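# Residue-level structure breakdown
These are the residues of each chain, in order.
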Amino acid sequence: QDGMNAQELGKLLHREPAEIVKKLFMLGVMVNQNQSLDKDTIEILAADYGIEAKEKVHEDLSDLDKIFEKEMKNTDHLVSRPPVVTIMGHVDHGKTTLLDHLRHSHITAGEAGGITQAIGAYQVRHGDNQITFLDTPGHAAFTEMRARGANITDITILVVAADDGVMPQTIEAINHAKAAKTPIIVAINKIDKPDANPQHVTDQLMQYGLVPEKLGGDTIFVNISAKFGKNIDELLDMIILEAEVMELKADPDQPAAGSVIEARLDQGKGPVATLLVQQGTLHVGDPIVAGHTFGRVRTMTNERGREVKKATPSSPVSITGLNEVPEAGDRYVVFDDEKTARSVGEERAKEAQVEERRKTTRVTLDSLFDSL
Ligand code: GTP
Ligand code: MG
């Protein structure tokens, strides 16, 4: 770039040439817009605009998924972590009731139309163990989100109502779990109902390759009543058992990485995101990039609304401090310093904008051709 002048440099940096000249003046270099600059001067100027970091960003750091994958493969100080469990199943088969029972609160009553609108996350204690639960929306429109949910899940609990049997979203859930290679534990629910027929449900599920252990298969089946809390402890025992076999591990000593479970804009707090920690430990104050947003973790609360200073692997936490609202399913990564987080974040925001513009242009062109 040796020989570039303020005019060309301004174009490259998206700055007015006059601003470049002024900046150079402040740095003790007197030039006009058309005078060519030497390499050192350009470098100093670029550094002043934070370009050095940005070029590095462009090379590798802006690929968040790649950093995430790398972080996940880290095997330095691995220790056991709680399993992350997703409850899936057809509409009204009892997913929320089950989760509700587990956390002894009553989300079902307050939910709009009784349908879960977004993935909620919650950690429960069972004996000496913790289990992280994700509640996935049951509505067909949320299929994509659920597909994303399956990817951060260790174990899928497939809830099937004993009075209704295998339904379209039951099959969908089985396919998601198979695609994500997560083991399925079948919870046949509503066994308290007079018309419950768990045997029929089992027969149906066997057609999809889910064969109970007692019939020579390797799928755990538990008959439960989410509403009356029947056999829930047994279900939790089975989850812990499965998790032990899987030897789930993470390194709590490194910067955190994980996924966005849900996010929204809060009137007072700004963007609020529920994050799942999948690697490392997340701390208040950490510089973070989530999807196309960035910031610094300002506050962090657990699922009970209690403030926490750090979050270890497999815990879900709600954070504030991002500059915008990320999307559910986005990856997030913690960086060593805020400057890097900012430049990575800005770079990603810009990429997203370009992508968005490209999409819009395409749509406009398409409609143009359509109207011809
Ligand atoms: P979506 O979020 O809409 O997909 O539904 P869901 O799977 O979360 O079902 P939800 O927990 O909302 O339960 C649907 C209905 O079934 C509610 O009226 C529950 O009270 C009822 N229900 C859930 N579990 C049981 C159970 O074990 N026994 C009986 N009798 N009713 C149940
Ligand atoms: Mg629900």
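Taking an unreviewed UniProt entry as the reference, the chain is identified by name as Translation initiation factor IF-2 belonging to Lentilactobacillus otakiensis DSM 19908 = JCM 15040.

### Some points on unusual backbone geometry
At aspartate 92, a residue that is not glycine, the phi angle is positive and equals roughly 70°. Inspection of the secondary structure puts aspartate 92 in the loop between strand E2 (84-89) and helix H6 (95-103). Since its relative accessible area comes to 58%, aspartate 92 is described here as exposed. Although it is not a glycine, lysine 190 sits at a positive phi angle of roughly 65°.

### A closer look at a negative patch on the surface
Together, Asp63, Asp65, Glu69 and Glu351 give the surface a local cluster of negative charge. Summarising the element assignment, glutamate 69 is placed in helix H5 (residues 64-73). When its relative accessible area of 37% is taken as the criterion, glutamate 69 is described as partly exposed.

### Comments concerning the environment of aspartate 203
Locating aspartate 203 in the fold gives a position in helix H10 (residues 198-206). A relative accessible area of 40% means that aspartate 203 is categorised as partly exposed. As for aspartate 203 and glycine 165, which are separated by 38 residues in sequence, their C-alpha atoms are 9.8 Å apart.

### Some points on helix H2 (residues 17-26)
All buried positions along H2 are accounted for by Pro17, Ile20, Val21 and Leu24. Seen along its axis, H2 keeps its buried residues to an arc of 100°; they face one direction. Exposed and oriented more than 90 degrees from the buried face of H2 are Lys22, Phe25 and Met26. Directly after H2, the chain includes glycine 28, whose backbone phi takes a positive value near 85°.

### Regarding the nonpolar core
Judged by nonpolar contacts, the single largest core of 25 residues is most densely connected at Leu98, Leu102, Ile131, Phe133, Ile157, Leu235 and Ile239. Secondary-structure elements contributing two or more residues to this core are E2, H6, strand E3 (120-126), strand E4 (129-135), strand E5 (155-161), strand E6 (184-189), strand E7 (220-223) and helix H11 (232-246). For this core, the leading source of residues is H11, giving six residues. If you look at the next biggest cluster of nonpolar residues, it comprises 16 residues, including Ala273, Ala290, Met300 and Tyr332.

### Let's talk about the environment of valine 21
Note on placement: valine 21 falls in helix H2. Between the C-alpha atoms of valine 21 and lysine 193, which are 172 residues apart in sequence, the distance is 79 Å. Excluding anything up to four places from it in sequence, valine 21 contacts Ala6, Val31, Asn32 and Gln33.

### Considerations on the side chain of threonine 301
Relative to the elements of secondary structure, threonine 301 occurs in strand E13 (residues 293-301). On the accessibility criterion, threonine 301 (19% relative accessible area) is buried. Sequence-distant contacts of threonine 301, defined by excluding residues within four places in its chain, comprise Arg306, Glu307, Val308, Val317 and Ser318.

### Focus on the packing of H2 against helix H3 (residues 39-48)
Axis separation between H2 and H3 bottoms out at 11 Å; the angle between their running directions is 105°. Taken together, the axes of H2 and H3 are roughly perpendicular relative to one another. Across from Ile20, Lys23 and Leu24 in H2, the residues of H3 making contact are Thr41, Leu45 and Asp48.

### Quick word on the environment of asparagine 74
Position of asparagine 74 relative to the elements: it lies in the loop between H5 and strand E1 (79-80). It is 7.4 Å that separates the C-alpha atoms of asparagine 74 and aspartate 251, two residues lying 177 residues apart in sequence. The residues touching asparagine 74, leaving out its near neighbours within four places in the chain, are Asp251, Gln254 and Gln279.

About the thresholds
- Residues numbered from 1 in each chain as written.
- Chains lettered and ligands numbered in written order.
- Predicted model: local features only at pLDDT ≥ 70, side-chain atom pairs only at ≥ 80, totals over all residues.
- Heavy atoms only, no water.
- Helix = DSSP H or I, 4+ residues; strand = E, 2+ residues; numbered from the N terminus.
- Buried < 20%, exposed > 50% of the residue type's maximum accessible area, 1.4 Å probe, protein only.
- Patch = residues over 30% accessible without salt bridge, like charges linked within 9 Å, V, L, I, M, F, W, Y side chains within 5 Å.
- Areas by Shrake-Rupley, 256 points an atom, 1.4 Å probe, with all protein chains shown as cover.
- Salt bridge = Lys/Arg side-chain N within 4 Å of Asp/Glu carboxyl O.
- Lys, Arg positive; Asp, Glu negative; His and termini not counted.
- Charge placed at Lys NZ, Arg CZ, Asp CG, Glu CD.
- Arc of directions from axis to C-beta.
- Core = buried A, V, L, I, M, F, W, Y, C linked by side-chain atoms within 4.5 Å.
- Contact = heavy atoms within 4.5 Å.
- Axes fitted to C-alpha atoms, helices over the stretch in contact; angles between N-to-C directions.
- Parallel < 35°, antiparallel > 145°, perpendicular 65-115°, else oblique.

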